[in-house]
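Secondary and tertiary structure notes
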Amino acid sequence: MMLLYENKEYVLTIPIPKIDKETATLEEIVEYDKHVQDSTKVCCIMIATMVPKIEKTYEDYFSYELNTTLSQMSHKKARQERYEVVKSLMACKLKEGESICAYVQKMQRHVKRLEKLSMNFDKDLAVDMVLIFMPSSYDQIILTYHLNNKNTTLIKLHNLLQTAEVGMKKSLSNSSANAPVMDVEPRKGKKRKSPFPIQIEREGPLWRV
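Here is a short report on the structure shown in this document. What you see is a predicted model, and the numbers here were worked out from it, not measured in a lab. (Residues numbered from 1 in each chain as written. Predicted model: local features only at pLDDT ≥ 70, side-chain atom pairs only at ≥ 80, totals over all residues. Heavy atoms only, no water.)

1. Let's talk about helix H4 (residues 63-91)
Quick reminder of the rule: Numbering goes from the N terminus for both helices and strands, where a helix is a DSSP run of H or I of at least four residues and a strand is a run of E of at least two. One less than the residue count of a helix, multiplied by 1.5 Å, gives the span that helix is expected to have. Each residue gets one of three labels from its accessible area relative to the maximum for its type: buried under 20%, exposed over 50%, partly exposed in between, using a 1.4 Å probe on protein chains only. We call two residues in contact whenever any of their non-hydrogen atoms come within 4.5 Å of each other.
The end-to-end C-alpha separation of H4 is 42 Å, in line with the 42 Å expected for 29 residues at 1.5 Å each. By the burial criterion, the buried members of H4 are Ser63, Leu66, Ala78, Arg82, Val85 and Leu89. Tucked into the core, H4 has its buried residues touching helix H2 (26-48), helix H3 (52-58), helix H5 (100-116) and helix H6 (123-132).

2. Some words on the packing of aromatic side chains
For clarity, the cut-off: The aromatic pairing rule takes the rings of Phe, Tyr and Trp, using the six-membered ring of Trp, and pairs them if the centres are within 6.5 Å, calling planes under 30 degrees apart stacked, those over 60 edge-to-face and the rest tilted.
Scanning the entire structure with this criterion turns up 1 aromatic pair. With centroids separated by 5.2 Å and ring planes inclined at 80°, the aromatic side chains of Tyr58 and Tyr61 adopt a geometry described as edge-to-face.

3. Some points on the pattern of salt bridges
Put simply, the rule reads: Salt bridges are defined by distance alone: a side-chain nitrogen of Lys or Arg within 4 Å of a carboxyl oxygen of Asp or Glu.
Applying the stated criterion across every chain, the model contains 5 salt bridges. Measuring nitrogen to oxygen at the nearest pair gives 3.9 Å for the salt bridge that ties Asp38 to Lys8. With Asp38 in helix H2 and Lys8 in the loop between helix H1 (2-5) and H2, this pair connects stretches of sequence that are 30 residues apart. You'll find Asp38 and Lys8 in the same group, each marked buried.

4. Points about unusual backbone geometry
Of note, the phi angle at Ser118 is positive, near 65°, even though the residue is not glycine. Mapping Ser118 onto the fold places it in the loop between H5 and H6. Overall, the relative accessible area of 64% leaves Ser118 in the exposed class.

Shown next as structure tokens:
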């Protein structure tokens, strides 16, 4: 804001022109000197916001060169972060029994982060990715959603899926309550008679078989 107020933001996007002071006009020399002064002031402000270790690296830079270098570094860092976020997004899969609320919220966070990293993420694509990584128990709900052919947002989809989740739990609960219960009683078996009956004869004080 301060650069805009003092009309010095141009030094960030326009490099200092090269001139030959022996052949340059007075107007060109004045303009050159002003550009150098403005660039030096802006560069001092930029370096003052850095940590001491980084200050020494860029203390000889002018504003345009410093801004270009930092922009390239930021772009490289953002590119790496986008890769990590997309990787996490692709790894989000709803498992059977898990909360649909937590799943969609996690997907929403990844999508919003990608948008902040200047990635053009289509709204319909975000919705499709949420639906793709859902378990087979939601197939009928997904089919119904596509048949209705309604354009929606992640927030609206979140509400729809929450309502469907509640309905699925109630249906599962009712099915379990109405299921027949089998009462199994143990069978009383008959003792098997031996085909060779044992005869016992008494002889004296002992028993003889």
